[in-house]
Structures are given as C-alpha cells and as structure tokens.
Amino acid sequence: MVEFGQFSLCIAWLLALAVVIGGGVVGSGARTTPARLESLRRGTILVALTLGTSLIALGYLFVTNDYTVQYVWQYSNRDMPWIYKITAIWGGMDGSMLLWCFLVAAFSACVALRSRVYPRAIVAWLFSFLSSSTLFFTTITLFLTNPFRYLKSPVVMPDGNGLNPLLQNEYMAIHPPMLYLGFTGLAVPYAFCMAALASGQMSNDWIRLTRRWTLIGWTFLTAGIVLGGHWAYLELGWGGFWAWDPVENASFLPWLSATAFLHSVMVQERKGMLKVWNIFLIVLTYALTVFGTFLTRSGIVQSVHAFASTDIGWTFLVYLSTIIIVALGLSIYRRTELKPERAIESFFSREAVFLLNNLVLLSICFAVLWGVMFPVFSEAVTGVKQTVGIPFFNAVNVPLFLALIFLMGVGPSIAWKRSSLPQLLRSFAVPFVSAFVVAVALVFAGVVEFYPVLAYSLSFFGLMTILGEVQRGLSAQKGITHAGTWSPANLTTLWRRQRVKYGAHVIHFGVLIMTVAITASMAHKIEREFTLAPGERFSVGRFSLELNEFHEEQLANYEAIQAHVTLRALTSETPLEVLVPEMRFYRKNKETTTEVALRMGQREDVYLVLAGVDETGTKASMKVFVNPFQVWLWYGAIIMVVGGIIVAIPVPRGAKVRDSVSDKVAQSV
Amino acid sequence: MGKVFISLVVVFIVIGGALVYRATQSTSSLVLSPSEVLEKGSSRDLKRIRVGGRVVDPIQYQTEPQMILSFSVKNPAGGEGVVPVVYRGLKPDMFAAGRDVLIDGDYLGGTIQAAKLQTQCPSKYEPVVPGAAPAEGDKPTMAMN
Amino acid sequence: MSFGIIASLILSLFAVWFVLSPLFEPPMPNFAASPSDGPLGPLLDAKERALRAIKDLEMDFSMGKLSQEDFDQSRRTLASEVAAILADIERHGGEG
C-alpha cells in the first residue's frame, strides 16, 4: 500500500505537470481543437482521482496500524478509535499537505466536469492554471513532506506515538477539511482570472463563473473559520472563540479580500470598470491562501498553534513571488483590455459605496497582515523584535468593522449610478431614526460605552434597511394583487424572482446577528474565579453555582476528576442543570487538560472550568464565564453559510438576462 | 481612473495608516528570549514584553485564595539562565515542564508578571523521531525497543 | 508488496489511455462555443451590460431610490448607449 500511495502521488504529479504545460501550449496556439481540450479536461480530472487513491492509501495505512511508515507511527496508536485514525491523516503536516493537494485537484476536477459549457477561449488556460496550483502543492508533498516515508528504525515499532489529546475531538474531523475546502476553493477563481488574462477574454460569462466559484470557496472558508472558533470555544477553556492568533489571522486574510471581490465584481459586471482592481483582489486572495500556508508551516512568527518549524518556507516564498510576477506581467500585457469603460459618477451611488466597502475590507486586511508580520518587520527595520497582540487588533479593527456594518446597511438601499440627497434622506430616515432611538434606549438601560452602543444601533440600522428593502421590493412587484403586503405568496414570488439579491440580504442578516453577539461577548462578558467546598454556593450574573461532589475516574491513558456543580437561577431553588467540568491527567506526558462544562442558552452561556482540587480533595477551584448572546454567534454564522449556499446555487443558463424587463427594453430602443 | 475612485483610495490610505500607526505605538511589546530578559532586565524593569520559553520545574500552582501559577522558563534552543514567572490565573491546558509557552507581561524586580500565558499547541506536537538526533535533554523521548 | 506494484501499473496504464484516447478517436463532444468567444463577443457583452444597467435603473426607480428626473435622464443616456451598441453589432454583421 505504501508503494501504491507513493506511485499514485507520482502519477498525479506527472499528470499535473503535463496539464500545466499542455494547457499553456494549447491555449497559446491557434488551434484549440475539442479533442485537445478533452484530453486536458480528462487529465485534470485524473489528477484528482490519483491524488484520491493516494489519500485512500494513506488512510488504509492508518487504519491497519502500519507503523513502518513514519507519519502513521507519529500520529496514531492502536488504542485510538478508528475515526481518529482517519482524522489523524491531517493531524500533522505531511498528511495535511496531501489532503490539501487532493482538495485543490478535486475543485479543479469539478471545474473540468462543468467545463464543456465554459467560454472556449479560456478553457485550455483554465486547466493549465488550475493544475499549476495542484502541481505546486503536489511538488511539496512528493519531494519535501512525503507522508509515505518509512520510519528509520531497525525494528518494527509495536505501537504508534499517538495523536495529541486536544486533536482527539470530533471537530478535528470537520474543521480542518472545511477550512482547507475554503482555501483550496479560492484557487479556482485565481485560475479563472489568470486564464482570462492569458487568453485576453474577460467576458460576462467569465465574471459570472468567477463570482460563483469565489462564492463557493468563500462559503466553505466562512464555515471553516467559524468552526475553528467553535472548537476553540469548546475545547481550549479560556472562554473565548477568537484570539487574533497568526493561524486564525491566516484564515481570515483571504476571507477579507474574497469578500471585497464578491462586492466589487458586481460593479464590473454592470459598469465594466474596476477590472484591474478585481484582478488584484483575486490574485491577492489566492496569494493570501498560499501565504497562510506559509505562515503556519514555516515557523516565521510565533503562534500558539503553528506547526513545527520546517525548512519548506522558501518554496512558498518562491511560489508567492511567481504568482505575483506572472499576474503583474499578464496584467501589463493586457492593459488595453483592462481599461475601465467608464468612471464612478457620484459619491452617492452604489458603486461608490461598494468601493468604500472594498477599501474598508482591505484596510482591515492590511491591518491584520501588519499585525501578523510586525515581529518580522520590526526586527528587519530596527533590529529589535516587537510584537502586537489582541489590543492592537481590537483597536484597529473595531472602528473599521463598524464602518463596514454601516456601509452594509447603506449599500443595498442606494441606487446605482447616482442618487440625489433628498432621495437618500427618504430611504434612510426610518432606519436612521430607529437606530438612534435604540441608541438612546441602550444608554438609558445602562449601556454607556461608546463602541457597544454604536455597534448595537448600527446593527439595528442594518436590520431596518434590509426590512425596508424587502418592503420596497414587495411594493414594486408588478402584476401582483395586494402588492406591498407581507403575505407568504408575495414573499415567495419576490424570492423566486431575485434569489441572488435576497440571498445576499440573508448573508448580511447573519453578519448583523454575529455583530450583536460579538459585541455582547466583548462588552458584557462576566469572568470570575472562585473556590468552593461541597455544599457551598457562588453567585455569578443571574445564576448561582453549588458544588455537590467530586467524582474520580481511571481510564486507559488518563485519570479524570469531575466536579458536579448545580446551576440555579438566583431567584429560584429549582436546579436548571448539573454542570460537570472535568480535569484530565495524561500519565504518559504528565499533562493536564480541562474539559469545559457548558450550558448554552439564548440569553447567555454559562461556561465552567475546573481549575484544580486542593491536596485534601475537599475544595475545588473553578473559573466561570457568563457569555451573553454567545449562541447567536453560531446562529449568525449558520445564517451566513445558508445565504452563501442560496446565492451560489446555479441560475439556469441565460435565464437571468433574458427575463422580461430587459427584453422589453431591448425592443423599445 | 475617476476622481471619485482616486479620492476615496487616498482618504482610506490616510485613515487606515493613522489607525494602524496609533494602535502599533500604544500596544506593541518587545519580543525577548528568557536569556535576553535576564541580560536587558539586569539593571531595569521591562514593560510590555512577550517571552517565548520552555517551562522548567519547579512548577507551583495554588488555587486559593487566588489562582497563582509560578514556574520558570529558559531558552527553548538551549542557553544560560532561567527566569521566574508568576501568572495569576487558570493553568492553561497541556501546561507542563518541557512545553513551550508564550508569555505576555512585564518583567518587574526579577520576575515576569504574566498577564497572558499560552501553551504552544495543539498542532505543534511533533514527537521525537527515533533515529533523529535528540535536540534537547528534557524533551520527552520515546522508548526504543 | 506485489499488490501495490500491480495496482500502480494498472493505474498508470489507465491514466495514459484515459488522457490520450480523445486525441485519437474523433468525433469528440464539442466544447460549447459561447457567444462572447467570437469577434462580436465584447459588443454582445457591452449590450448585455447596458441592458442590465437599464434593468437596475428601473428596479431602483420602482423601489423609490431615484427621483423622476434622475431616472429620466439616466434612462435616456442608457437607451442611446444601447442603440449605439446595437448599431455597432448590425455593422459587424451580427444579429443582436
């Protein structure tokens, strides 16, 4: 099986190389015959299949406990349940790179499967650039981080080393693959972009396809980032979900630039401008995914969960420079095709708002990148290494994010091309006044800090503009009886006619919910440490906690102490729930981990950590967090992902343009 | 390029730059290794530092009346000297002697007062490969049959 | 051992056949030529964009985001743009 896995990997590498070269040759030649394109198409699909068999071979080695293979020995042992043996495939660097290769290739194969209906001029180049991504990652996997290496040991090891206990968790099965799907998915719009530049064809079809594929990668990335936050929240025991750690930032950076692109591409679609800008955003997004991989695998910045330092960093830098140089060169070569067809006419237009949104997103992106790379920059420039932490990211990003929320409310309600001031006042009077009322109400209710009040009222502003949009959409429907009423039938019609538009509103609604949840958890979180003997109580927020008893357990590789703690509302004696936080002592490496006890609620989460038990075994020290509205963060994320899926569902070809209004227009002029 | 486009871009470069500059000035901290802390902190206190080091015994953890974790760190790559650390708070997961940690805090009177303590994991969990040269004496080593 | 080698051989033979066979066995399923591939492509795209802009304009107007005069003025400019593009397409011998 080792040979088979290794061999599949070799075939994949050769095929990818062949498609990169073949695609370039066919694309630049005059004769793009269907037969040649078909051959390239099949090659692209086959790369995914061979990488798939290679991945399966690695999985087989894990499941059959083949400890002659170094990687299998490092990351699994016989006692692990089979599911963790599977997830151990991406538990370390070598296997995660192989998974990465497979996913890039799988996305390329999906593109290839649908490619018969794509603009023919760019298809050959498309295959070439898709495979160039696969080729790069496969090169690293095959030559630098090969997971099929044999263990250098004179005897066969009887048992493996085992997976880090923190990674033996069901989120390990879903979070990394989801994140990788997001990262690798964004290689597709990059390939589309480069193919368009290479072939000189940047048609409307191209825009639609690129946007769809960006949206798919974006949706996966959104899900992956939030799942990572959820995992950290449940597993790491510090009561939070996001710490601006370099690894988290690495996943956030391409998300920001991809989000910017999804907005600015709409301007290109309608106005034929911002072409260079959009190319810049796509290439930046892809470069940031590569940079993220570089960041986590090179050990260049200190991180809580960076992979061990390796010497593959330079390959990423070489690849990054290649991407940038090629993109730059092609853009200069195609500069006449990239000239904007018109300019933005007015500050009060949706184009201008979208551009502003792009600039805010890029400012956040730049600030985060600056924060991540600051240790490196400061050492290079001043010779003294300095770093920035959570306070930096909050200080810069909170105002920028609030600006973004504001623009999110404004954007959809402002007309394309130009709006006049009275018109704007009319559109925004109700949302603005109601947001102001909310702000005043909050201040009277005792929320007096500036940013939380602003965040809540801006979220409300956003909500009102979305509702206003739906209302106006309902009133504007022609040929419907009782236009303007919120009847299910009217809403369905509206939905069917403008699914993409209202899908975007759904995403925005999810963002608003997340904003409220994040603000609440930043501004009103309660955090207390306390010690209790059995029978004693501690009050926190609107709850009381009573320690009942301890419970000890001996398991195969660790012993555990659990504290049984009764949670009550302060006003009542009825127990709400018995929380059971746990401490584990792993015998093998003398490490302790904590298992959080969590009561999720609509109003707040109660999050309890057992910190220690004194020598006599009679008192427990604990830390409790009361996180208001925490659960809404996850709901908001789910809403965003659902919105992403709604928008990404393909529209029947041609249906969009050819619908009633434009046909009538075409006949009338 | 339209005037609107250019003016918006310029405004944003200025605003973004100012925000980043101000936040950097007010929040950045020095990155030091334990031996550099000893060297630079011999004559004065060091405010706002980040230290990456390897935990060495003795580790003391008291939970009453307050959670206080005290331990020492040394250079992960080897080197002279250990620096005592005091952290008032919950002992992080996977904290143990031989682990690498990131400490944010101040160096006052010969002790690092940690405001934040993070154990470097979980992905950084690379076991020693048999046959490879052992890097450090105190790394957990695997039994060789 | 030998299983791995045999499987690898089969895989590589399949790969060679699968990829190269289209080159030797016409007829091939055609890759659809999109209208924007031809010489008229940019013009057709421009026409689509202009129609899209008119549609957006009417939508914005019906939703009350535009004043009557802004709407009238923009609609006139866009309509003349479409007319110009259609005339161009006509000149290049295509049917819009």
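Residues numbered from 1 in each chain as written. Chains lettered and ligands numbered in written order. Predicted model: local features only at pLDDT ≥ 70, side-chain atom pairs only at ≥ 80, totals over all residues.

Asker: What is the right way to read the overall build of chain C from this model?
Answerer: Secondary structure summary: chain C contains three helices and zero strands in total. Evaluated residue by residue, chain C yields a buried proportion of 25% over its 96 residues. Within chain C, counting contacts between residues at least 6 apart in sequence, those at least 24 apart form 60% of the total. (Helix = DSSP H or I, 4+ residues; strand = E, 2+ residues; numbered from the N terminus. Buried ≥ 20, exposed ≤ 12 C-beta atoms within 10 Å, placed from the backbone. Contact = placed C-beta atoms within 7 Å.)

Asker: How do you make sense of the overall build of chain A when you look at a structure like this?
Answerer: Broken down by element type, chain A carries 20 helices and 11 strands. A globule of 669 residues ought to have a C-alpha radius of gyration of about 26 Å, and chain A, at 27 Å, matches this closely. Projected onto its principal axes, the C-alpha positions of chain A cover 90 × 75 × 55 Å. Buried residues in chain A amount to 55% of all 669 residues. (Rg over C-alpha atoms; globule rule 2.2 N^0.38 Å.)

Asker: In this structure, what is going on with the confidence of the model for chain A? I would like to understand it.
Answerer: Atom-level detail of predicted coordinates should not be read off regions where pLDDT is low. Taken as a whole, chain A shows an average pLDDT of 87; of its residues, 94% reach a score of 70 or greater. Predicted confidence is poor over residues 654–663 of chain A, with pLDDT under 50, and the contacts of this stretch with residues over four places away or in other chains come to 10 contacts. (pLDDT = per-residue confidence, 0-100.)

Asker: Please clarify how the nonpolar core should be interpreted in this entry.
Answerer: Nonpolar side chains tend to gather and get buried jointly when the protein is soluble and globular. With 213 residues, the main nonpolar core has A:L126, A:A191, A:F192, A:A195 and A:V283 as its most contacted residues. Considering each element in turn, this core owes the most residues, 16 residues, to helix α13 (residues 350–382) of chain A. If we ignore the near neighbours within four places in the chain, the residues touching A:A191 are A:L126, A:F129, A:L130 and A:S133. A:Y607, A:V626, B:V85 and B:V101 belong to the second-largest nonpolar core, a separate cluster that totals 41 residues. (Core = buried A, V, L, I, M, F, W, Y, C linked by C-beta atoms within 7 Å.)

Asker: Honestly, helix α1 (residues 3–27) of chain B in this entry has me stumped. Any pointers?
Answerer: Count 3.6 residues to each turn of an α-helix, and residues three or four apart come out pointing the same way. Helix length check: α1(B) (25 residues) gives 36 Å between terminal C-alpha atoms against 36 Å at 1.5 Å per residue, within 8%. Where the residues of α1(B) are buried, they touch α13 and α14 (390–410) of chain A. (Expected span 1.5 Å × (residues − 1).)

Asker: Would you explain the environment of A:Q477 in this entry?
Answerer: Residues and elements named next belong to chain A. Mapped onto the fold, Q477 is located in the loop between α16 (450–476) and α17 (488–497). Given 16 C-beta atoms within 10 Å, Q477 falls into the partly exposed group. Once the C-alpha coordinates of Q477 and N490 are considered, the two residues, 13 residues apart in sequence, prove to be 8.5 Å apart.

Asker: Looking at this structure, I do not really get the packing of helix α6 (residues 120–143) of chain A against helix α8 (residues 187–199) of chain A. What am I missing?
Answerer: Helix packing geometry: the angle between the two helix axes and the distance between the axes. Residue and element names in this part refer to chain A. One can describe the packing of α6 onto α8 by two numbers: an axis separation of 8 Å at closest approach and a directional angle of 135 degrees. With respect to α8, the element α6 is oriented oblique. Along this stretch, α6 crosses α8, giving a crossing that reads as right-handed. Note on element contacts: α8 touches α6 through A187, V188, A191, F192, M194, A195, A196, A198 and S199, opposite A121, I122, W125, L126, F129, L130 and S133. Its residues assigned to classes, the contact of α6 with α8 comprises 14 nonpolar, two polar and no charged. (Axes fitted to C-alpha atoms, helices over the stretch in contact; angles between N-to-C directions. Parallel < 35°, antiparallel > 145°, perpendicular 65-115°, else oblique. Left-handed = near helix turned anticlockwise from the far one by under 90°. Nonpolar A, V, L, I, M, F, W, Y, C, P; charged D, E, K, R; others polar.)

Asker: Quick question: what am I supposed to make of the interface of chain C and chain A here?
Answerer: Interface extent is often summarised as the accessible area lost during association of the parts. Taken together, the contact pairs 46 residues of chain C with 49 residues of chain A. Of all the secondary structure elements, the ones that give two or more residues to the side of chain C that touches chain A are α1 (2–24), α2 (41–62) and α3 (68–91) of chain C. Element by element, the count of residues in the side of chain C that touches chain A is highest for α2(C), at 14 residues. Looking at the side of chain C that touches chain A residue by residue, the class counts come to 24 nonpolar, 11 polar and 11 charged.

Asker: Looking at this structure, how should I read the environment of A:S544?
Answerer: Residue and element names in this part refer to chain A. Among the secondary structure elements, S544 is positioned in strand β4 (residues 543–554). Along the primary structure S544 and L570 are separated by 26 residues, whereas in three dimensions their C-alpha atoms are 5.6 Å apart. Among all residues touching S544, those that are not within four sequence positions of it are R537, F538, S539, R568 and L570.

Asker: Looking at this structure, I do not really get the packing of α14(A) against α1(B). What am I missing?
Answerer: Where α14(A) contacts α1(B), the two axes come as close as 9 Å, and the packing angle between them is 155 degrees. Between α14(A) and α1(B), the angle is such that the two are roughly antiparallel. Relative to α1(B), α14(A) is oriented so that their crossing is right-handed. Listed contacts from α1(B) to A:P391, A:F392, A:A395, A:V396 and A:P399 of α14(A) are B:L19, B:V20, B:A23, B:T24 and B:T27. Tallied by class, residues from the contact of α14(A) with α1(B) come to eight nonpolar, two polar and no charged.

Asker: Can you walk me through the pairing of strand β3 (residues 537–540) of chain A in this structure?
Answerer: The two faces of the sheet receive side chains in turn, since in a regular strand these alternate between them. Residue and element names in this part refer to chain A. Two strands pair when backbone bridges link them, and β3 and β4 are joined in this way by four bridges, in the antiparallel orientation. Directly across from S539, in β4, lies its bridge partner S544. Two successive antiparallel strands, β3 and β4, enclose a turn made up of two residues, where G541 displays a positive phi of approximately 55 degrees. (Pairing = 2+ DSSP bridges.)

Asker: I would appreciate a short explanation of the environment of A:G644 in the present structure.
Answerer: Residues and elements named next belong to chain A. With respect to the secondary-structure elements, G644 resides in helix α19 (residues 630–648). Taking the C-alpha atoms as reference, G644 lies 8.4 Å from V506; in sequence the two are 138 residues apart. Ignoring sequence-local partners within four residues, the contact set of G644 consists of L215, W218, T219, T222 and I507.

Asker: Would you explain the sheet that holds strand β10 (residues 604–613) of chain A in this entry?
Answerer: Sheets are built from strands paired through backbone hydrogen bonds, the pairs being either parallel or antiparallel. Residue and element names in this part refer to chain A. With respect to topology, four strands assemble into an open sheet ordered β2-β11-β10-β9, the strand pairing being antiparallel. Whereas interior strands pair on both sides, the edge strands pair on one side only; in this sheet they are β2 (526–532) and β9 (597–599). Pairwise comparison of adjacent strand axes, ignoring direction, gives a mean angle of 20 degrees for this sheet. Note: β2 against strand β11 (residues 620–628), seven bridges, orientation antiparallel. Of the residues in β11, the one forming a bridge with L532 is A620.

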